[in-house]
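Each chain, letter by letter, is given below.
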Amino acid sequence: MIRRLKYNEIDFVKYSQCLENSEQRKYSATKDFLDITAPNQWEILVYGDYEAVMPVPFVRKYGVKIVHNPKLCQQLGVFSSKDDVNLNEKFLNYLENHYLIRVYPFNDGNELRTKLRIKKNFLIYPDAYEKVYARYSPKRKRKLRLDEEVINHSEVKSISYDEAKPFIESNIVGLGKESDLAGFMDIYEKSYRLKYLSFSAFYYHGKIINAIATYSDCNMVALLGTFSDKEYVKLSGASVLIDGMIKETVDTHIFDFEGGDIPNIEEFFRGFRPELKPYGIIEYSKKELFKKLGSLLLKRKIF
């Protein structure tokens, strides 16, 4: 039996144990991550005595609860000791029948019979760095061989949130609206203060020209942001930073590129020769939401 539990009803000890022992384990479903990205606006669906769980983040619009994926949260879905397509379908059906959904992602470990839109993600699984590097594309290896002048006038450093903030704010791209920037920066700052997020920067002639933000938890290192000064893209600072983080962590951690649907981003990520790990996502347009809202109100299932 699947039950819906509001935030204050969740047994977080059992919830965390379920995630920790799940076949689909993801940092993005942890309490800390969801508390940062969707504060006070997530609940769970639970099967049995926490034998399987599904976190459900939401927003409120005009007093109506709408399931919506929070910023920087790529995958959620069902978490259980062994992935079960029948159980996954039960969770999906419960979600569809009891909520208004704008965007909700499953994870790359969830098998489903229902056909969902598929999104791309790329992972590098733990291995000796030498073997990982050997698989890089010839082009990526060339990019990592810096010119002597660049070597002599550059350095890679770990930096604080306060040092990273002005560079990120000046070079972040792809925001839908100005208010999104504040939301991203709030998540970055809270994650950094809780010691999950770190920043690395590539300095050239004493100034930052590239930076990356990486989130570490659940034996994963996730690339939550790549920021570049457009004037220096040919210097390959982003490649150097990502390669450096892979070198530091890949022997024990999965490296998660957190994306790959945009063609030029996909090409860039593929240069590191990661494994493609697609996942399904539910999406409804605003028009479809209004139509479903009317249907749910008639059934008195919206709460």
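It should be emphasised that the depicted structure is a prediction, and the values quoted were computed from it without experimental measurement. (Residues numbered from 1 in each chain as written. Predicted model: local features only at pLDDT ≥ 70, side-chain atom pairs only at ≥ 80, totals over all residues. Heavy atoms only, no water.)

(A) Focus on the nonpolar core. Counting residues in each nonpolar core, the largest one holds 65 residues, and the members touching the most others are Tyr15, Leu45, Met54, Leu95, Tyr188 and Phe199. At five residues, the largest contribution of residues to this core is made by helix H3 (residues 85-98). In contact with leucine 45, not counting residues within four places along its chain, are Ile2, Arg3, Arg4, Ala52, Val53, Met54, Val56, Phe91, Tyr94, Leu95 and Tyr99. (Core = buried A, V, L, I, M, F, W, Y, C linked by side-chain atoms within 4.5 Å. Buried < 20%, exposed > 50% of the residue type's maximum accessible area, 1.4 Å probe, protein only. Helix = DSSP H or I, 4+ residues; strand = E, 2+ residues; numbered from the N terminus. Contact = heavy atoms within 4.5 Å.)

(B) Region of interest: the pairing of strand E11 (residues 197-204). Among the eight residues in E11, seven count as buried, and that is most of the element. Two strands pair when backbone bridges link them, and E11 and strand E12 (residues 207-217) are joined in this way by eight bridges, in the antiparallel orientation. Considered in E12, the bridge of tyrosine 204 is made with lysine 207. Between E11 and E12, which pair antiparallel one after the other, the connecting turn spans two residues, and histidine 205 there sits at a positive phi close to 50 degrees. (Pairing = 2+ DSSP bridges.)

(C) Representation of the pattern of salt bridges within the structure. Inspection of the entire model under this criterion finds 15 salt bridges. Across the pair glutamate 266 and lysine 120 runs a salt bridge, and its minimum N-O distance is 3.0 Å. One end of the pair, glutamate 266, is in helix H10 (residues 263-270); the other, lysine 120, is in the loop between strand E8 (117-119) and strand E9 (122-124), with 146 residues separating them in the sequence. Residues glutamate 267 and lysine 139 are paired through a salt bridge, measuring 3.7 Å at the closest nitrogen-oxygen approach. Here the residue glutamate 267 occupies a position in helix H10, and lysine 139 occupies one in helix H5 (residues 138-144), the gap between them amounting to 128 residues. Salt bridges sharing common partners tie together Arg4, Glu43 and Lys65. (Salt bridge = Lys/Arg side-chain N within 4 Å of Asp/Glu carboxyl O.)

(D) Inspection of the sheet that holds strand E7 (residues 103-105) at higher detail. Pairing is antiparallel in the open sheet, where three strands are placed in the order E7-E16-E8. Each having just a single partner strand, E7 and E8 make up the two edges of the open sheet. Sheet twist, expressed as the mean angle between neighbouring strand axes with direction ignored, is 35 degrees. (Axes fitted to C-alpha atoms, helices over the stretch in contact; angles between N-to-C directions.)

(E) Structural context of unusual backbone geometry. Notably, asparagine 40 is not glycine yet its phi reads approximately 60 degrees, a positive angle. Given the relative accessible area of 65%, asparagine 40 is considered exposed. Phi is positive for glutamate 258, close to 55 degrees, though the residue is something other than glycine. Tracing the sequence through the fold places glutamate 258 in the loop between strand E14 (254-256) and H10. A relative accessible area of 18% means that glutamate 258 is categorised as buried.

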